[in-house]
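# Commentary on secondary and tertiary structure
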Amino acid sequence: PLPVSVKIRLSPAGNKDVNALEHIEALAALDHKPAFVTLHARTATQRYGRAATWEDVEACARKAGENFPVLGNGDVLTHFEARRKRAVAPTAAGLMVGRGALIGAQIKFF
């Protein structure tokens, strides 16, 4: 099978919607699992008004277990923030820089 990655948000709008943990569980039950999943740790309606919740990245990474790696995304604008996010979500396989790369194309992580 062709490797496929998946990017999801915490939920479409808020706590009443299907949440990321349910999506992780459903993806883990597939015969052909994703190569990795990236979790944008914010809902679609939150936009940039609230901080990304990296505790949810950690919860999803734990739920995924050995099924597939989970990467975190949200509020990674500098290497300092990257380290802080990784400390909150140590089980996550890594992180994805999105808006941070557009805001500061010179972002350095080494």
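Residues numbered from 1 in each chain as written. Predicted model: local features only at pLDDT ≥ 70, side-chain atom pairs only at ≥ 80, totals over all residues. Heavy atoms only, no water.

## Side note on the overall build of the chain
Filter applied, for reference: Numbering of helices and strands runs from the N terminus; a helix is a DSSP stretch of H or I covering at least four residues, while a strand is a stretch of E covering at least two. Three exposure classes are used, based on accessible area relative to the maximum for each residue type with a 1.4 Å probe and protein chains only: buried under 20%, partly exposed in between, and exposed over 50%. We call two residues contacting when some pair of their heavy atoms lies within 4.5 Å. Here the Shrake-Rupley method, with its probe set to 1.4 Å, supplies the accessible areas, and only the displayed protein chains count as covering residues.
Counting its regular elements, the chain contains 4 helices and 4 strands. Looking at the chain as a whole, 35% of its 110 residues qualify as buried. In the chain, of all internal contacts separated by at least 6 residues, the share reaching a separation of at least 24 is 62%. Counting only carbon and sulfur atoms, one obtains 56% of the accessible surface of the chain, whose full area is about 6,800 Å².

## Here we look at unusual backbone geometry
The phi dihedral of Asp-75 falls on the positive side, at around 65°, and the residue is not glycine. Within the element layout of this structure, Asp-75 appears in the loop between β3 (70-73) and α3 (79-88).

## Some words on the pairing of strand β2 (residues 36-40)
What counts is decided by this rule: A pair of strands counts as paired when DSSP detects no fewer than two bridges linking them.
With respect to burial, β2 is a largely interior element, 4 of its 5 residues being buried. Bridge count for strand β1 (residues 5-9) against β2 is 5 bridges, and the pairing is parallel. Residue Lys-7 lies in a different strand from β2, and its bridge partner there is Thr-38. The sheet contact formed by β2 and β3 spans 4 bridges and is parallel. Bridging from a neighbouring strand, Leu-39 pairs with Gly-72 of β3.

## Observations regarding helix α1 (residues 20-28)
Applied cut-off: Relevant arc is that of directions from the helix axis to the C-beta atoms, nothing else. Two N or O atoms count as a polar contact when they lie within 3.5 Å, although within protein this holds only if one can serve as hydrogen donor and the other as acceptor, and sequence-adjacent residues are included solely when both atoms are side-chain atoms.
Among all positions of α1, only Ala-20, Ile-24, Leu-27 and Ala-28 are buried. Buried residues in α1, looked at end-on, bunch into an arc of 100°, giving them a common side. Of the surrounding secondary structure, the elements contacted by the buried residues of α1 are β1, β2, α2 (54-64) and β3. Structurally, the start of α1 carries an N-cap: the backbone nitrogen of Leu-21 is 3.0 Å from a side-chain oxygen of Asn-19.

## With respect to the nonpolar core
Applicable threshold: The nonpolar core is taken to be a set of buried Ala, Val, Leu, Ile, Met, Phe, Trp, Tyr and Cys residues, with the residues joined through side-chain atoms within 4.5 Å.
By size, the foremost hydrophobic cluster in this structure holds 21 residues, and its most contacted members are Ile-24, Leu-39, Val-57, Phe-68 and Val-70. Mapped onto this core, the elements with two or more residues apiece are α1, β2 and α2. No other element matches α2, which puts 5 residues into this core. Filtering out sequence-adjacent residues up to four positions away, Phe-68 remains in contact with Ile-24, Leu-27, Ala-28, Lys-33, Pro-34, Ala-35 and Val-37.

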